[in-house]
Amino acid sequence: MTEVKVSEIPEEGLSLSVREDPAALNLTVPGGRFLEPVSVDVFLVKADKAVLATGRITAPVAFECVRCLREFPASLDIPLSTQFVPPPELPLGEHPMPPDEAEDYYYRDDVIVLDDLVREEVLLAVPFNPQCRAECLGLCPQCGQDLNNGRCACAPPPDSRWAVLRQHLKEK
């Protein structure tokens, strides 16, 4: 767990370079696995009660292509630009969050914990449908052959939009 005391950030700012084990951050990626620890390079600057954070997160990941099911390496390269603020003093109950505060992270007791920031940013950067390449042909829906390696002998499936006409012609 990477923690930084706000009171220990010098006026000129604090530069941090950290490598975190994905398991320690509770990071799991559906259809993928981390090849190395997650690298975090962040620069923290105090601005009144807020702490501005800029930098970069990088993580080499192996994904499974959603088309051909092959594993392929990819690198997540995530720019950071956010701020940490003390939590607002609110009475108990539900309160709407103003849109300008939706990107903020909170710190408590003069301690910034970077783990939540890293976890959230990495999960948001994971592609929804990872593909080994844009022109991946995928698998044959009938025999399962990888069409990137060559065509298969299967006939193309009939177009279901013509099923009624095909049935009508068979009846004649």
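To be clear, the structure that these remarks concern was listed above.
All of the points below concern the structure found in this document. (Residues numbered from 1 in each chain as written. Predicted model: local features only at pLDDT ≥ 70, side-chain atom pairs only at ≥ 80, totals over all residues. Heavy atoms only, no water.)

1. Examining the overall build of the protein
For step 1, the next point in the chain: For the protein, the helix and strand inventory stands at two helices and eight strands.
For step 2, the next point in the chain: In the protein, the order of α-helices and β-strands from amino to carboxyl end is β-β-β-β-β-β-β-β-α-α.
For step 3, the next point in the chain: Whereas a compact globule of 172 residues would reach a radius of gyration of roughly 16 Å, the protein reaches 25 Å, over 25% beyond that.
For step 4, the next point in the chain: In terms of overall dimensions, the protein has C-alpha extents of about 85 × 40 × 25 Å along its principal axes.
For step 5, the next point in the chain: Out of the 172 residues in the protein, the part that is buried amounts to 32%.
For step 6, the next point in the chain: Residue pairs at least 24 apart in sequence account for 54% of intrachain contacts in the protein once pairs closer than 6 positions are excluded.
For step 7, the next point in the chain: Accessible area for the protein stands at about 11600 Å²; split by element, carbon and sulfur atoms hold 54% of it.
For step 8, the next point in the chain: When the 16 basic and 28 acidic side-chain charges of the protein are each reduced to a single mean position, those positions are 17 Å apart. (Helix = DSSP H or I, 4+ residues; strand = E, 2+ residues; numbered from the N terminus. Rg over C-alpha atoms; globule rule 2.2 N^0.38 Å. Buried < 20%, exposed > 50% of the residue type's maximum accessible area, 1.4 Å probe, protein only. Contact = heavy atoms within 4.5 Å. Areas by Shrake-Rupley, 256 points an atom, 1.4 Å probe, with all protein chains shown as cover. Lys, Arg positive; Asp, Glu negative; His and termini not counted. Charge placed at Lys NZ, Arg CZ, Asp CG, Glu CD.)

2. Here we look at the nonpolar core
For step 1, the next point in the chain: Of all hydrophobic cores here, the largest spans 35 residues; its most connected members are Val 38, Phe 84 and Val 122.
For step 2, the next point in the chain: Leave out the neighbours within four places in its chain, and Phe 84 touches Lys 49, Ala 50, Val 51, Ala 53, Tyr 105, Tyr 106, Tyr 107, Ile 112, Val 113, Leu 114 and Leu 117. (Core = buried A, V, L, I, M, F, W, Y, C linked by side-chain atoms within 4.5 Å.)

3. With respect to the packing of aromatic side chains
For step 1, the next point in the chain: The full count for this structure, using the stated rule, is two aromatic pairs.
For step 2, the next point in the chain: Centroid distance Phe 63 to Phe 72: 6.1 Å. Interplanar angle 40°. Geometry classified as tilted.
For step 3, the next point in the chain: Ring geometry for Phe 84 against Tyr 105: centres 5.7 Å apart, planes inclined by 40°, an arrangement best described as tilted. With Phe 84 in strand β6 (residues 71-85) and Tyr 105 in strand β7 (residues 105-106), this residue pair connects regions lying 21 residues apart in the sequence.
For step 4, the next point in the chain: Taking relative accessible area as the criterion, Phe 84 reaches 1% and is therefore assigned buried. (Phe/Tyr/Trp six-rings, centres within 6.5 Å; stacked < 30°, edge-to-face > 60°.)

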